[in-house]
2 protein chains.
Amino acid sequence: MANVARLQEADIEKIYLCPLFKGIETSTLAAIIKKPYTKVTECEDDTVVYKAGQKLSQMVLVLSGELGLVNTNFRRESSIVEVFDSGELFGSEYVLATDNHLTYDVCALEDSKILSIDYGKLLADADFVKIAGVISNNLLQFHVAHARALQAHIYHLAQPTTREKLLAYLTDESKKAGSNTFHIRYDRQELADYLAVERSAMCAELSRMQKDNLLTYRKNDFTLKKK
Amino acid sequence: MANVARLQEADIEKIYLCPLFKGIETSTLAAIIKKPYTKVTECEDDTVVYKAGQKLSQMVLVLSGELGLVNTNFRRESSIVEVFDSGELFGSEYVLATDNHLTYDVCALEDSKILSIDYGKLLADADFVKIAGVISNNLLQFHVAHARALQAHIYHLAQPTTREKLLAYLTDESKKAGSNTFHIRYDRQELADYLAVERSAMCAELSRMQKDNLLTYRKNDFTLKKK
DNA sequence: AGACAGATGTTGGTTTTCCAACAAGAAGAG
DNA sequence: CTCTTCTTGTTGGAAAACCAACATCTGTCT
């Protein structure tokens, strides 16, 4: 399924930018990458990288391509739980937990390249005693920020109608930007996926909302109108 | 809004059980509770405990009653983002973040009693240097477990139909229990809230699923039928 | 400029959910 | 036991979302 691969310039960049390694010297990072418990792997499109049920002891940084958590229900129907794009970190919620068994398959959704690091071995490595605290703290920061994003996502998804989903999401984005006028990072299809609605129905709802004088928009720039 | 109050027997129990304090001696806990940066407060039903926009430097344990995060959108309509029941911990995702401004109001949804601890002052307290690492690690554990619960919740909510929401949730519960037969902790109204659907419509869908021979249930005990 | 691809917007018929009201069943108190 | 209350289940009309198909817009390439 997977072959050991070499790092490209762009891959190194991704590693430096990963929040897990914030505040860590590039020379130290370079040393970590060379350790035997750190591996670079290429994963072919549509293959299982880690199987549901197995213990996960590695943290995984997606260098290129796309991984996904894939659930299979009791009728053997599969669906995607979460997508990890290039640059995103996955696995720390398993590695650190008392129960580190994967609940879903981890699959390559495209031809992908990943960096995997055995967290236990990294922490135990005498060469990196000094940075263990930094990494552990980075992880806490990461999860805290992530928790707030997930919490907000749940709130947006829990709205009963498409209009309310959009308003909940856009209100939060407006608050983040500190202005009634703001830019969103999703295109229409991505926004529809995020809110778990049909793209075309969502477009239609946006039109109606504009007609109802709730907001104006052009591409990814929105303005909410005050009452 | 809030009066300083005394701790009851039941409150102390809640504090001992809080995952934040796992592995910490009861004598140490008793000392923490007496510190001036630790406060017990009674909050009247339907009052704002912490206002959106303010910085939150306390972690809050709900001793009795119920707190809620309340969002107000740009049209000044309010709705509940998340509920914190008795025994649940709130605030660490703000306290630890680089930006610790509250994005929502924190309100008492019932007459409630809370324990609030200033995390920065606790960590800085010379009396508790030895347990700082334990608490920090407990927090990481807590957030990691929470992240998986939130992730699963998002997956359940993102299903397009009531039937699929139910199947996603029930399949996960079945996997957790390690059996096709299992017990769920929600009653029908709570399950409907969790999945963001109408209770009555959900009941009807459960009936249809039973008729379609997908599962059987009686009260909170479910059995999924294999294909 | 013209051709093309990809993103965004529009529409109408079908399916699903909501909603409100009521029925049936279970649990507890007097 | 009956009465009460709470939870769960059922139903039909109204509202919303889905879906597929098509129209329009925008940016890019040659």
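Cut-offs and rules
Residues numbered from 1 in each chain as written. Chains lettered and ligands numbered in written order. Predicted model: local features only at pLDDT ≥ 70, side-chain atom pairs only at ≥ 80, totals over all residues. Heavy atoms only, no water. Near = heavy atom within 4 Å. Polar contact = N/O pair within 3.5 Å; in protein donor to acceptor, adjacent residues only side chain to side chain. Helix = DSSP H or I, 4+ residues; strand = E, 2+ residues; numbered from the N terminus. Nonpolar A, V, L, I, M, F, W, Y, C, P; charged D, E, K, R; others polar.

A. Here's a closer look at the protein's contact with DNA strand D. In the vicinity of DNA strand D lie 16 residues, with Thr162(A), Arg188(B), Ser200(B), Ser207(B) and Tyr217(B) positioned nearest. When atoms of DNA strand D within 4 Å of the protein are split into backbone and base, the sugar-phosphate part holds 65%. At a separation of 3.3 Å, a base nitrogen of DNA strand D approaches a polar side-chain atom of Ser200(A). Within the side chain of Arg199(B), an N or O atom sits 3.0 Å from a base nitrogen of DNA strand D. In terms of residues, the surface near DNA strand D owes the most to one element, helix H8 (residues 199–211) of chain B, which gives 5 residues. For the surface near DNA strand D, a count of residues per class yields 6 nonpolar, 6 polar and 4 charged.

B. Expanded view of the protein's contact with DNA strand C. Not every one of the 17 residues close to DNA strand C is listed here, only the nearest: Arg188(A), Ser200(A), Ser207(A), Tyr217(A) and Thr162(B). Take the atoms of DNA strand C that sit within 4 Å of the protein: sugar and phosphate atoms are 65% of them. In this structure, Arg188(A) approaches DNA strand C through a side-chain N or O atom, which is 2.8 Å from a phosphate oxygen. At a separation of 3.3 Å, a phosphate oxygen of DNA strand C approaches a polar backbone atom of Glu198(B). Of all the secondary structure elements, the ones that give two or more residues to the surface near DNA strand C are helix H8 (199–211) of chain A together with H8 of chain B. It is H8(A) that contributes the most residues to the surface near DNA strand C, 5 residues altogether. Grouping the amino acids of the surface near DNA strand C by side-chain chemistry returns 6 nonpolar, 6 polar and 5 charged.

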